[in-house]
Amino acid sequence: MSSTTGIHERATVVDGLVFFSDGSTRDMLAGGVSAINLTVTDMRSDFEQALKDVMTWRQRALDPDSGWLLVESAGDIARAKQQGKLGLIMGWQNGRPLGDQLDRVALFHTLGMRVIQLTYNEANLLGDGCLEQRNAGLSALGVEMVREMNRVGIAIDLSHCAPQTCLDAARHSSRPVLLTHANANAVISRPRNKSDDVIKAVAATGGVVGCSIHAYLNWRGDPRQQPLLEDLVANVRYIGELVGYEHVGIGTDFPAVDTYEAVRHVMVMSRTKYAASGGDFSNAFGDVMEARYPRETPTPAQFPHLTRALEQGGLSETQILGVLGGNFQRAFAQAWAA
């Protein structure tokens, strides 16, 4: 057994962001993943739709025959690994369903929600997303929501937020804030990647940056070249050297599906509605989900290749175990503590 296989099997692997699932655990479990922060409702959902979707996923994960295990505390992640199930961390990529109602934070926490990204690419009532030109940061309501999420125990995700929104949230949060799926602009400059200042602010809260293999965060602009695993390693190493490897994780931005046909609607949306953040890549490679990931890892089933790449990149075993999931486990435990 190679040392990589050994490290991967010992690791409690946490994928910081999975953008969609049709209910399939197949490829995630095949890749040795123990828990995922899954986007359980569409980015455009209102309160009613989000409530419906959260209940659907809650019931699925509470079914002992489903292959899922609902993660409501950090200990549940370890339990999922022990039981050979896929831990479901229910998350959103937009705070829109909260509206202007602070009490909805506690409501959704009661139902099992554990991660909320404050904004998607555009502005909402809480603050500005990364495609807003004005970069106005958090609103007064957004500051209140941050404090309420801290109080209740829902982790704050800033991956799609505008730079000032990220800095404001880090300043106002008394708990670790997260970039569940984002890379460093200093490595590859893309609209969704983050400045050193933002990365440092997140790390200063005890937070974690989930480095991603997704092309929208890794593409260097060559129409003949898909992103490479070495691009992921370059981001992990850069951020690790900048703020410490204990603040680095992995957020692939994979879907967990039986077939990529299930996410065709997302592929088309990201090319048409969000041309500024990924349309250039889709124009070069088409609406092909496999093209959005490195050739070595077209699906989550190849997750051990990420571990091998980190090892070849010179990380120590301790650093790799942290990056694969230990660091997210720690940050989640702190963010979710009552």
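Above this text you will find the structure in question.
Rules and cut-offs
- Residues numbered from 1 in each chain as written.
- Predicted model: local features only at pLDDT ≥ 70, side-chain atom pairs only at ≥ 80, totals over all residues.
- Heavy atoms only, no water.
- Helix = DSSP H or I, 4+ residues; strand = E, 2+ residues; numbered from the N terminus.
- Buried < 20%, exposed > 50% of the residue type's maximum accessible area, 1.4 Å probe, protein only.
- Phe/Tyr/Trp six-rings, centres within 6.5 Å; stacked < 30°, edge-to-face > 60°.
- Lys, Arg positive; Asp, Glu negative; His and termini not counted.
- Salt bridge = Lys/Arg side-chain N within 4 Å of Asp/Glu carboxyl O.
- Polar contact = N/O pair within 3.5 Å; in protein donor to acceptor, adjacent residues only side chain to side chain.
- Core = buried A, V, L, I, M, F, W, Y, C linked by side-chain atoms within 4.5 Å.
- Contact = heavy atoms within 4.5 Å.
- Arc of directions from axis to C-beta.
- Axes fitted to C-alpha atoms, helices over the stretch in contact; angles between N-to-C directions.
- Left-handed = near helix turned anticlockwise from the far one by under 90°.
- Nonpolar A, V, L, I, M, F, W, Y, C, P; charged D, E, K, R; others polar.
- Disulfide = S-S within 2.5 Å.

### A few points about unusual backbone geometry
Moving on, step 1. We note that Asn135 has phi near 50 degrees; this positive angle belongs to a residue other than glycine.
Moving on, step 2. Locating Asn135 in the fold gives a position in the loop between strand S5 (113–117) and helix H6 (140–152).
Moving on, step 3. Residue Asn135 is classed as partly exposed on the basis of its relative accessible area, which comes to 29%.
Moving on, step 4. Non-glycine residue Asp253 carries a positive phi angle of around 70 degrees.

### Concerning the packing of aromatic side chains
Moving on, step 1. Scanning all chains against the criterion turns up 10 aromatic pairs.
Moving on, step 2. For the pair Phe47 and Phe108, a centre-to-centre distance of 5.9 Å together with 75 degrees between the ring planes defines the contact as edge-to-face. With Phe47 in helix H3 (residues 47–62) and Phe108 in helix H5 (residues 103–110), this residue pair connects regions lying 61 residues apart in the sequence.
Moving on, step 3. For Phe47, a relative accessible area of 26% puts it in the partly exposed group.
Moving on, step 4. Under the relative-accessibility criterion, Phe108 is labelled buried at 0%.
Moving on, step 5. With a centroid separation of 5.3 Å and an interplanar angle of 85 degrees, the aromatic rings of Trp219 and Phe281 are classed as edge-to-face. Taken together, the residues span a long stretch of sequence, with Trp219 in the loop between helix H9 (215–218) and helix H10 (229–243) and Phe281 in helix H12 (residues 275–285) at a distance of 62 residues.

### Considering the side chain of Arg104
Moving on, step 1. Along the chain, Arg104 turns up in helix H5.
Moving on, step 2. Of the side chains bearing the opposite charge, Asp103 lies closest to the buried Arg104, which forms no salt bridge; the N-O distance is 5.3 Å.
Moving on, step 3. A distance of 3.0 Å separates the side chain of Arg104 from the backbone oxygen of Pro97, its partner in a polar contact.

### Brief notes about the nonpolar core
Moving on, step 1. With 83 residues, the main nonpolar core has Leu118 and Leu158 as its most contacted residues.
Moving on, step 2. When near neighbours in sequence (up to four residues on either side) are disregarded, Leu118 contacts Asn94, Gly95, Asn124, Leu126, Leu138, Val146, Met149, Ile156, Asp157, Leu158, Cys161 and Ala169.
Moving on, step 3. The next biggest cluster of nonpolar side chains, apart from the first, holds 14 residues, and it includes Ile89, Val115, Phe328 and Ala331.

### Comments concerning the pattern of salt bridges
Moving on, step 1. For the structure shown, the criterion picks out 13 salt bridges.
Moving on, step 2. Where Arg171 meets Asp168, a salt bridge forms, and the shortest distance between an N and an O atom there is 3.3 Å. One end of the pair is Arg171 and the other is Asp168, both in helix H7 (residues 163–172) and 3 residues apart, which spans about a single turn.
Moving on, step 3. Looking at Asp168, the relative accessible area reads 8%, which means it is buried.

### A short note on the environment of Asp103
Moving on, step 1. For Asp103, the position within the fold is in helix H5.
Moving on, step 2. The exposure class of Asp103 is exposed, given its relative accessible area of 54%.
Moving on, step 3. Expressed as a C-alpha distance, the spacing of Asp103 and Glu148, which sit 45 residues apart in the sequence, is 8.5 Å.

### Here's the deal with H5
Moving on, step 1. Among the residues of H5, those classed as buried are Arg104, Val105, Phe108 and His109. Projected down its long axis, H5 carries its buried residues within an arc of 140 degrees, all on one side. Away from its buried face by more than 90 degrees, H5 exposes Asp103 and Thr110.
Moving on, step 2. Trailing H5 by a residue or two, Gly112 shows a phi angle of about 115 degrees, which is positive.

### Concerning the packing of H5 against H6
Moving on, step 1. Close contact between H5 and H6 brings their axes to 9 Å; oriented N to C, the two are set at 35 degrees. For the crossing formed where H5 meets H6, the hand is right-handed. The residues of H6 that touch H5, namely those facing Val105, Ala106 and His109, are Met145, Glu148, Met149 and Val152.
Moving on, step 2. Here the contact of H5 with H6 is built from residues that sort into 5 nonpolar, 1 polar and 1 charged.

### Looking at the state of the cysteines
Moving on, step 1. The tally for this structure, following the rule as stated, stands at 0 disulfides.
Moving on, step 2. Looking at Cys161, it has no disulfide partner, and the nearest cysteine sulfur is the one in Cys166, 5.2 Å off.
Moving on, step 3. Taking the relative accessible area as the measure of exposure, Cys161 reaches 0% and is therefore buried.
Moving on, step 4. Residue classification places Cys166 among the buried residues on the basis of a relative accessible area of 1%.

### Describing the side chain of Asp128
Moving on, step 1. Inspection of the secondary structure assignment puts Asp128 in the loop between S5 and H6.
Moving on, step 2. We classify Asp128 as buried; its relative accessible area is 1%.
Moving on, step 3. At 2.9 Å, the side chain of Asp128 and the backbone nitrogen of Ala136 are in polar contact.
Moving on, step 4. Sequence-distant contacts of Asp128, defined by excluding residues within four places in its chain, comprise Thr119, Glu122, Ala123, Arg134, Asn135, Ala136, Gly137, Cys161, Ala162 and Thr165.

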